[in-house]
Amino acid sequence: MLRNTNTRYGWAAIILHWLIALLFVGQFALGLVMIRVASQRTSFELIQLHKSLGFLLLGLVLIRIGWRLGNKSPELPEEVGSMERRAAPSVHLALYAAQLAVPLSGWVLVSVSVLEIPSVPFNLFVMPHLPLGVSEQAENFWIFGHRWLAYAGIALVTLHVLAALRHHFWLRDVVLVRMISPFFVRSTRRPE
């Protein structure tokens, strides 16, 4: 059950979903911690880890988008209302956009930084900087942009989680459960 079906997500989509979710939320938390650490050495190491995980996140999101484009998405259960049916694709598109924009803005930030510190993902190789002009003004702009894109992304993730919990605990449908296991076959509302 690697691929999606009309009613279920396959393992590939499920694993990518949860890996990206953990990385995205973890990156947000790490970003908050790394700028508040007193030790310069620890802060530097956390920033390098943040950059490494950011590049990993970017790669996984690109794989996820490719997988989504090459796979059908399961249809929403019948009990999902028409307003939610119209809103869901827009929210998913916004989530993908945020998952791309946040790591890309981080890459831009390190590329325009006057510090010109190389990014070495997981100490394996030097990730080249994007061919952009280095300046303090650009760096300040992208610090602000990266931060607020991350806040917007976390707001979208929060909305997504609340919607999933609403489906599971209030509406008692299968929307959340089918992103946990491809073997969940029930396609109608659970008994009250």
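Everything quoted here is computed from the prediction, not taken from an experiment.

What about helix H1 (residues 11-34)?
Move 1: Compared with an ideal rise of 1.5 Å per residue, which puts 24 residues at 34 Å, H1 spans 33 Å between its outermost C-alpha atoms and is within 8% of the ideal.
Move 2: Among the residues of H1, Ala12, Ala13, Ile14, Leu16, His17, Ile20, Leu23, Phe24, Gln27, Leu30, Gly31 and Met34 are the ones counted as buried.
Move 3: Residues of H1 that are buried sit in contact with helix H2 (40-70), helix H3 (82-112) and helix H4 (136-171).

Overview of the packing of H1 against H4
Move 1: Interaxial distance between H1 and H4 falls to 11 Å at its minimum, and their mutual angle equals 135°. Accordingly, the angle class assigned to the pair H1 and H4 is oblique. Both H1 and H4 take part in a crossing whose hand is left-handed. Within the contact between the two elements, H1 uses His17, Phe24, Val25, Phe28 and Leu32 and H4 uses Ala150, Tyr151, Gly153, Ile154, Val157 and His160.
Move 2: Of the residues belonging to the contact of H1 with H4, the class tally is eight nonpolar, three polar and no charged.

Description of the nonpolar core
Move 1: Counting 18 residues, the largest nonpolar core has Ile20, Leu23, Phe24, Leu57 and Leu60 as its most contacted members.
Move 2: When residues in this core are grouped by element, the largest group, six residues, is from H1.
Move 3: Setting aside its immediate chain neighbours within four residues, Leu57 contacts Ile20, Leu23, Phe24 and Pro103.
Move 4: Counting five residues, the second-largest nonpolar core is a separate cluster that includes Leu58, Trp107, Val110 and Met127.

Here we look at empty space enclosed by the protein
In this approach a probe as big as a water molecule rolls over the atoms, and the regions it shows empty are the leftover space.
Move 1: Throughout the structure, instances matching the rule amount to one cavity of 30 Å³ or more.
Move 2: Around the largest cavity, the lining residues are Asn4, Tyr9, Ala13, Arg64, Trp67, Arg68, Ser73 and Tyr96.
Move 3: Looking at the lining of the largest cavity, the element that brings in the most residues is H2, giving three residues.
Move 4: When its residues are assigned to classes, the lining of the largest cavity shows four nonpolar, two polar and two charged.

Conventions adopted
- Position numbers for residues count from 1 along each chain, tracking the sequence in the order it is written.
- For a predicted model such as this one, the threshold for reporting local features is a pLDDT of at least 70, and the threshold for listing and counting side-chain atom pairs is 80 or more; totals across whole chains, interfaces and linings nevertheless cover every residue.
- Water and hydrogen atoms were dropped before computing side-chain values, which therefore reflect all heavy atoms in the structure.
- Helix and strand definitions here come from DSSP, where helices need a minimum of 4 consecutive H or I residues and strands a minimum of 2 consecutive E residues; each element is numbered from the N-terminal end.
- Any helix carries an expected span of 1.5 Å times its number of residues minus one.
- Burial classes follow relative accessibility: with a 1.4 Å probe on protein chains only, a residue under 20% of its type's maximum area counts as buried, one over 50% as exposed, and anything between as partly exposed.
- Two residues qualify as a contact provided that any one of their heavy atoms is within 4.5 Å of a heavy atom in the partner residue.
- Whenever a helix is involved, its axis is fitted only over the stretch in contact; in every case the axis is a line through C-alpha atoms, and angles between N-to-C directions fall within 0 to 180 degrees.
- What sets the label is the angle itself: under 35 degrees gives roughly parallel, over 145 gives roughly antiparallel, 65 to 115 gives roughly perpendicular, and the rest give oblique.
- By convention the crossing between two helices is left-handed if the near helix lies anticlockwise of the far one by an angle smaller than a right angle, and right-handed if it lies clockwise.
- The residue classification treats Ala, Val, Leu, Ile, Met, Phe, Trp, Tyr, Cys and Pro as nonpolar and Asp, Glu, Lys and Arg as charged. All others, Gly included, are polar.
- Nine residue types can take part in a nonpolar core, namely buried Ala, Val, Leu, Ile, Met, Phe, Trp, Tyr and Cys, and a core is a set of them joined through side-chain atoms within 4.5 Å.
- The way it works is a 1 Å grid over only the protein atoms, where trapped points that fit a 1.4 Å probe form a cavity and open points with protein on both sides within 12 Å along at least five of seven lines form a pocket, and then any residue with an atom within 4 Å of a point lines it.
- Grid points are joined across faces, edges and corners, and a volume is the space filled by probe spheres set on the points.

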